[in-house]
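Structural description and commentary
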Amino acid sequence: MRLRFFDPRFIATILLTLSSATALAHEFTQGGILVEHPWARPTHAKTVPAAVYFNVVNKGEGPDRLLSVTTTRAKNVEVHKTMIDDKNIARMRPVVDGLTIPAGATVSMETGSYHVMLIGLDAPLKAEERFPVTLTFEKAGEIDVEIVVEDREAAKVDHSNH
Ligand SMILES: [Cu+2]
């Protein structure tokens, strides 16, 4: 029996290849919104809030807004922005009314800027573990992403250039 290229078995193989490539890249896309590499640092106690970082790319025609973030791992989830006050002290402010992502723009959740704060964890975050989080956007809707806990030492990396 001959197999043709458009045989359903070939198509299934191609789809499988595509989906495993997506898993490796660790990104999630829906309705024009692309969420790149969501990750968090490990925490040493469940009473310590955890910060989650990722990039949001808006490939859509118009602006969208991140309205809320939920996870079964934490009692409260807030979107924060770190700002430097007039005394040169970094303070975190909750982002109210959602975080706008203009069309064509990338908003980075990173150290010293925006981040998602998980408050009241059910257990400390352990390096290498993964857990689901749902991001709700005004237009793109609910996007389920998987957070990878990574033991990155960002502070060391940041200061190595000085
Ligand atoms: Cu915070």
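The name given to the chain in an unreviewed UniProt entry is Copper chaperone PCu(A)C, with the source organism recorded as Hyphococcus lacteus.

Considerations on the coordination of the copper ion
In the first shell of the copper ion, the protein supplies His80 (ND1), Met92 (SD), His115 (NE2) and Met117 (SD), at 2.1 to 2.2 Å from the metal. Because the angles between the four donor atoms bound to the copper ion fall within 93 to 118°, the donor set is best described as tetrahedral. On the primary sequence, the residues serving as donors to the copper ion are separated as H-x11-M-x22-H-x1-M. Taken together, the residues span a long stretch of sequence, with histidine 80 in strand β5 (residues 74–84) and histidine 115 in strand β9 (residues 114–121) at a distance of 35 residues. An identical accessibility class is assigned to histidine 80 and histidine 115; each is buried.

Details of unusual backbone geometry
The phi torsion at asparagine 88 lies on the positive side, around 65°, for a residue other than glycine. Following the sequence through the fold, asparagine 88 ends up in the loop between β5 and β6 (90–94). Its relative accessible area of 63% is what places asparagine 88 among the exposed residues. One non-glycine residue with positive phi stands out, namely glutamate 128, at about 85°. As for its placement among the helices and strands, glutamate 128 is situated in the loop between β9 and β10 (130–137).

Re the pattern of salt bridges
Inspection of every chain in the model, using the stated rule, returns six salt bridges. For glutamate 138, the salt bridge identified is with arginine 65, shortest N-O distance 2.8 Å. In this pair, glutamate 138 is assigned in the loop between β10 and β11 (141–149) and arginine 65 in strand β4 (residues 64–70), connecting sequence segments 73 residues apart. For glutamate 138, a relative accessible area of 43% corresponds to the partly exposed category. Judged by relative accessible area, arginine 65 falls into the partly exposed class, the value being 25%. Residues glutamate 146 and arginine 130 are paired through a salt bridge, measuring 2.8 Å at the closest nitrogen-oxygen approach. With glutamate 146 in strand β11 and arginine 130 in strand β10, the pair connects residues that are 16 residues apart, well separated along the chain. On the basis of relative accessibility, which here comes to 45%, the residue arginine 130 falls in the partly exposed class. A cluster of three or more residues bridged by salt bridges with shared partners is formed by Arg73, Asp122 and Glu129.

Digging into the pairing of strand β3 (residues 50–58)
Within β3, eight of the nine residues are buried, which leaves the element mostly enclosed by the surrounding structure. By the bridge criterion, three bridges tie β3 to β9 in an arrangement that is antiparallel. For alanine 50, the partnering residue across the bridge sits in β9 and is leucine 118. Both β3 and strand β8 (residues 106–109) contribute to a ladder of four bridges, which runs antiparallel. Among the inter-strand pairings, valine 57 is bridged to a residue of β8, identified as threonine 106.

What about the packing of aromatic side chains?
Scanning all chains against the criterion turns up one aromatic pair. Ring geometry for tryptophan 39 and tyrosine 53: centres 5.1 Å apart, planes at 40°, overall tilted. Of this pair, tryptophan 39 sits in strand β2 (residues 33–40) while tyrosine 53 is found in strand β3, placing the two residues 14 residues apart along the sequence. Here the two residues tryptophan 39 and tyrosine 53 agree in accessibility, since each one is buried. Here the basic side chain of arginine 73 rests over the ring of phenylalanine 131, its NZ or CZ set 5.3 Å away from the ring centre. Sitting above the plane of the tryptophan 39 ring, arginine 152 keeps its charged end 3.7 Å from the centroid.

The rules behind these values
Residues numbered from 1 in each chain as written. Predicted model: local features only at pLDDT ≥ 70, side-chain atom pairs only at ≥ 80, totals over all residues. Heavy atoms only, no water. Donors = N, O, S within 2.8 Å, 3.2 Å for Na, K, Ca; no water. Tetrahedral: all angles 85-135°; square planar, octahedral: opposite > 155°, others 65-115°. Helix = DSSP H or I, 4+ residues; strand = E, 2+ residues; numbered from the N terminus. Buried < 20%, exposed > 50% of the residue type's maximum accessible area, 1.4 Å probe, protein only. Salt bridge = Lys/Arg side-chain N within 4 Å of Asp/Glu carboxyl O. Pairing = 2+ DSSP bridges. Phe/Tyr/Trp six-rings, centres within 6.5 Å; stacked < 30°, edge-to-face > 60°. Lys NZ or Arg CZ within 6 Å of the ring centre and 35° of its normal.

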